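The chain contents come next:
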Amino acid sequence: MPSAFSALSPSAWLRGSRRPSWLSDPKVLRTEVLGGLVVALALIPEAISFSIIAGVDPAVGLFASFTMAVTIALVGGRPAMISAATGAVALVIAPLNREHGFGYLVAAVILAGVFQVVLGALGVAKLMRFVPRSVMVGFVNSLAILIFMAQVPEMTDVPWPVYPLIAAGLAMMVFFPRLTTVVPAPLVSIVILTVITVAAGIAVPTVGDKGDLPSSLPVPGLPDVPFTLDTLTTVAPYAFAMALVGLMESLMTAKLVDDITDTRSSKTRESVGQGVANIVTGFFGGMGGCAMIGQTMINVRVSGARTRLSTFLAGAFLIVLCIVFGPVVSDIPMAALVAVMVMVSAATFDWHSIAPRTLRRMPLGETVVMLVTVVCVVATHNLAIGVVVGSIAAMVVFARRVARLAEVTAVTDPDGGTVVYRVTGELFFASSNELVGQFSYATDPDRVVIDLSAAHIWDASSVAALDAIETKYAQRGKSVEIVGLNEPSAQMHKTLSGELAGS
């Protein structure tokens, strides 16, 4: 428990056990600064769009992205990961705002943060070990699909110059890194396309068309709701749902970044940090949020950022761009940002997972689990649902596979007075259900030995199956001796045997 909260000291961000690399390496500093700037530019239209989904003013989403990014940079567990206002959170809290008003939404954000701190301190992050690789691949692929789908509205019913602008942006991001990687290609693409559209007076949708940018910093305050039990019962279900969805997305994204960067991060600290960030965001009147896969991929995979500085600067640049450079930012063509997100989508998708060679070698069950995860996420636009359903599907596939590993072989003594059944494999509810039918009760001799030295008892179902076998032999006047139990299996059998009748 202390380790979960000791990580929350802001001074540790600068002090730490090691000197931050960006303080001593100018190249790292440049990468982190430019990465944060690119993410900030990409965050603005996204935050505005999510505000519309939640039914709140665009400034609410922008403030949330600012406070989430800055706070998580100080208290989060995964360096370089971007947290801000997200569509998943907006979908969860939109009904609350619509039915009860903005004050209740803010209260739900704060309470969701409290839930996340508690869940993080209780070790909910440890559940991530039960998410199999096939679900993780499905998670990544579905995210890539959702990122692309989110750009489709920006490419339909728009002026024709949008299409060559998008194509030009993609071309620059593909070929510019071959010239130099000093400046991130997405930033170059955004700047050049903005200059072209403004200088040539090309009429295309811009960031300013999404909504008005804020002109001042957010002010802290309490939610405008009555502090009563009725208020708590109203917001608690939405807050708990938001907490679960936010943690699921954040922990899955953190695991993905761990794999990309070949580094490890504290998922417990990340869980607590997400809660702290949402509490801060709520008190500043934001709509809350969680980790953002698209912006994280821009920061980590496209820009090459690796430290907390890029996350902090993404939030700082966002508010500066809105307040100080609002008119300039408003002129950025949406086509430039669409090109960036399409490139992110292509880079995020695990193309190896659908290659014919991979599909031929991969067990069918693994591919099915991956596809189930993708379909559920894309159909519901809810990453948490997809991950949960995918994990359940993986458990079913695993259970079916392991159930076949339990085998029973019989050897009769030469004198014909004893038969020895050797059981091999893992005995649990799926495999033990068929165990009872693998014995010859009527024709076996009077003495039966069941050798479990090559097996392991995992649950009460297995003990109940062994009891049923003994009962069937006893009804025929035959004795059964169970031998070879390892210590855990023997303890479970001793504790439960004879106590499960009627269950």
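The structure displayed is predicted, hence computed values, not measured ones. (Residues numbered from 1 in each chain as written. Predicted model: local features only at pLDDT ≥ 70, side-chain atom pairs only at ≥ 80, totals over all residues. Heavy atoms only, no water.)

1. Concerning the overall build of the protein chain
Right, so step 1: Counting its regular elements, the protein chain contains 22 helices and 6 strands.
Right, so step 2: If one aligns the C-alpha atoms of the protein chain with their principal axes, the spans along those axes are about 100 × 60 × 50 Å.
Right, so step 3: For the protein chain, the residues scored as buried account for 53% of the 503 residues in total.
Right, so step 4: The long-range share in the protein chain, meaning contacts at least 24 apart out of those at least 6 apart in sequence, stands at 83%.
Right, so step 5: Accessible area of the protein chain: about 22600 Å², with a carbon and sulfur share of 65%.
Right, so step 6: For the protein chain, the distance from the average position of its 31 positive side-chain charges to the average position of its 33 negative side-chain charges is 9 Å. (Helix = DSSP H or I, 4+ residues; strand = E, 2+ residues; numbered from the N terminus. Buried < 20%, exposed > 50% of the residue type's maximum accessible area, 1.4 Å probe, protein only. Contact = heavy atoms within 4.5 Å. Areas by Shrake-Rupley, 256 points an atom, 1.4 Å probe, with all protein chains shown as cover. Lys, Arg positive; Asp, Glu negative; His and termini not counted. Charge placed at Lys NZ, Arg CZ, Asp CG, Glu CD.)

2. Points about the sheet that holds strand β5 (residues 447-457)
Right, so step 1: Strand order in the open sheet formed by 4 strands is β3-β4-β5-β6, and the pairing between neighbours is mixed. This sheet does not close on itself; its edge strands, each paired only once, are β3 (407-412) and β6 (479-483). Strand-to-strand, the axes of this sheet are offset by a mean angle of 20°, without reference to chain direction.
Right, so step 2: Where strand β4 (residues 418-427) lies against β5, 9 bridges are found, and the strand directions are parallel. When the sheet's bridge partners are listed, Val420 is paired in β5 with Val449.
Right, so step 3: Across the sheet, helix α21 (residues 460-474) lies against β4, β5 and β6, angled at about 175° from β5, the strand it touches most. (Pairing = 2+ DSSP bridges. Axes fitted to C-alpha atoms, helices over the stretch in contact; angles between N-to-C directions.)

3. A closer look at the packing of helix α11 (residues 229-261) against helix α13 (residues 293-302)
Right, so step 1: The N-to-C vectors of α11 and α13 enclose an angle of 20°; their axes lie 11 Å apart at closest approach. Accordingly, the angle class assigned to the pair α11 and α13 is roughly parallel. Taken as a pair, α11 and α13 cross one another with a handedness that is right-handed. Only Ile293, Thr296, Met297, Val300 and Arg301 of α13 make contact with α11, whose side of the interface consists of Thr253, Leu256, Val257, Ile260 and Thr261.
Right, so step 2: Among the residues forming the contact of α11 with α13, the class breakdown is 6 nonpolar, 3 polar and 1 charged. (Parallel < 35°, antiparallel > 145°, perpendicular 65-115°, else oblique. Left-handed = near helix turned anticlockwise from the far one by under 90°. Nonpolar A, V, L, I, M, F, W, Y, C, P; charged D, E, K, R; others polar.)

4. Notes on the packing of aromatic side chains
Right, so step 1: Under the defined criterion, the tally for this structure stands at 7 aromatic pairs.
Right, so step 2: Their ring planes at 50° and their centres at 4.4 Å tell us that Tyr421 and Phe439 sit as a pair that is tilted. Residue Tyr421 is located in strand β4, and its partner Phe439 is located in the loop between α20 (429-432) and β5; the two are separated by 18 residues in the primary sequence.
Right, so step 3: Overall, the relative accessible area of 7% leaves Phe439 in the buried class.
Right, so step 4: Ring plane angle 55° and centroid distance 4.8 Å describe the contact between Tyr441 and Tyr473, whose orientation is recorded as tilted. Separated by 32 residues along the polypeptide, Tyr441 in the loop between α20 and β5 and Tyr473 in helix α21 bring together distant segments of the chain. Each member of the pair Tyr441 and Tyr473 is classed as buried.
Right, so step 5: Through pairs of rings, three or more aromatic residues link up here, namely Tyr421, Phe439, Tyr441 and Tyr473.
Right, so step 6: Directly above the aromatic system of Tyr441 lies the positively charged group of Lys472, at a separation of 5.9 Å from the ring centroid. (Phe/Tyr/Trp six-rings, centres within 6.5 Å; stacked < 30°, edge-to-face > 60°. Lys NZ or Arg CZ within 6 Å of the ring centre and 35° of its normal.)

5. Comments concerning the state of the cysteines
Right, so step 1: Counted under the stated rule, the structure contains 0 disulfides.
Right, so step 2: We note that Cys290 lacks a disulfide partner, and the nearest cysteine sulfur, in Cys376, lies 19 Å from it.
Right, so step 3: Among the residues examined, Cys290 registers a relative accessible area of 0% and is labelled buried.
Right, so step 4: Cysteine Cys322 remains unbridged, with the sulfur of Cys290 as its closest cysteine sulfur at 20 Å.
Right, so step 5: In this structure Cys322 comes out as buried when scored by relative accessible area, which is 3%. (Disulfide = S-S within 2.5 Å.)

6. Topic: the environment of Arg264
Right, so step 1: Among the structural elements, Arg264 can be located in the loop between α11 and α12 (267-283).
Right, so step 2: Taking C-alpha positions, Arg264 is 9.5 Å from Gly77, a pair spaced 187 residues apart along the chain.
Right, so step 3: Residue contacts for Arg264: discarding those within four places in its chain leaves Arg78 and Asp258.

7. Structural notes on the nonpolar core
Most often, soluble globular proteins keep nonpolar side chains buried together rather than apart.
Right, so step 1: Within the largest apolar cluster, 104 residues are counted, with the highest numbers of intra-cluster contacts made by Ile44, Leu62, Phe139, Met287, Ile298 and Leu318.
Right, so step 2: Sort the elements by how many residues they give to this core and helix α4 (residues 26-54) lands first, with 12 residues.
Right, so step 3: Setting aside chain neighbours within four positions, we find Leu62 in contact with Ile44, Ala47, Ile48, Ser51, Leu213, Pro214, Leu318 and Cys322.
Right, so step 4: Ranked by size, the runner-up nonpolar core spans 22 residues in total, among them Leu435, Leu452, Ile469 and Val480. (Core = buried A, V, L, I, M, F, W, Y, C linked by side-chain atoms within 4.5 Å.)

8. Structural notes on the pattern of salt bridges
Right, so step 1: For the coordinates displayed, the defined rule picks out 5 salt bridges.
Right, so step 2: Taking the shortest distance from any N to any O, the salt bridge between Lys210 and Glu154 comes out at 2.5 Å. Residue Lys210 is located in the loop between α10 (185-200) and α11, and its partner Glu154 is located in the loop between α8 (133-151) and α9 (162-179); the two are separated by 56 residues in the primary sequence.
Right, so step 3: Judged by its relative accessible area of 22%, Lys210 is partly exposed.
Right, so step 4: Ionic contacts of the salt-bridge type, sharing partners, join the residues Arg78, Asp258 and Lys267 into one network. (Salt bridge = Lys/Arg side-chain N within 4 Å of Asp/Glu carboxyl O.)

9. Let's talk about helix α16 (residues 334-348)
Right, so step 1: An ideal rise of 1.5 Å per residue puts 21 Å on 15 residues; α16 measures up with 21 Å between its terminal C-alpha atoms.
Right, so step 2: Most of α16 is tucked away, with 12 of its 15 residues classed as buried.
Right, so step 3: Every buried residue belonging to α16 is among Met334, Ala335, Ala336, Leu337, Val338, Ala339, Val340, Met341, Val342, Val344, Ser345 and Thr348, and all of these are buried.
Right, so step 4: Buried positions along α16 lie against α4, α8, α9, α10 and α13. (Expected span 1.5 Å × (residues − 1).)

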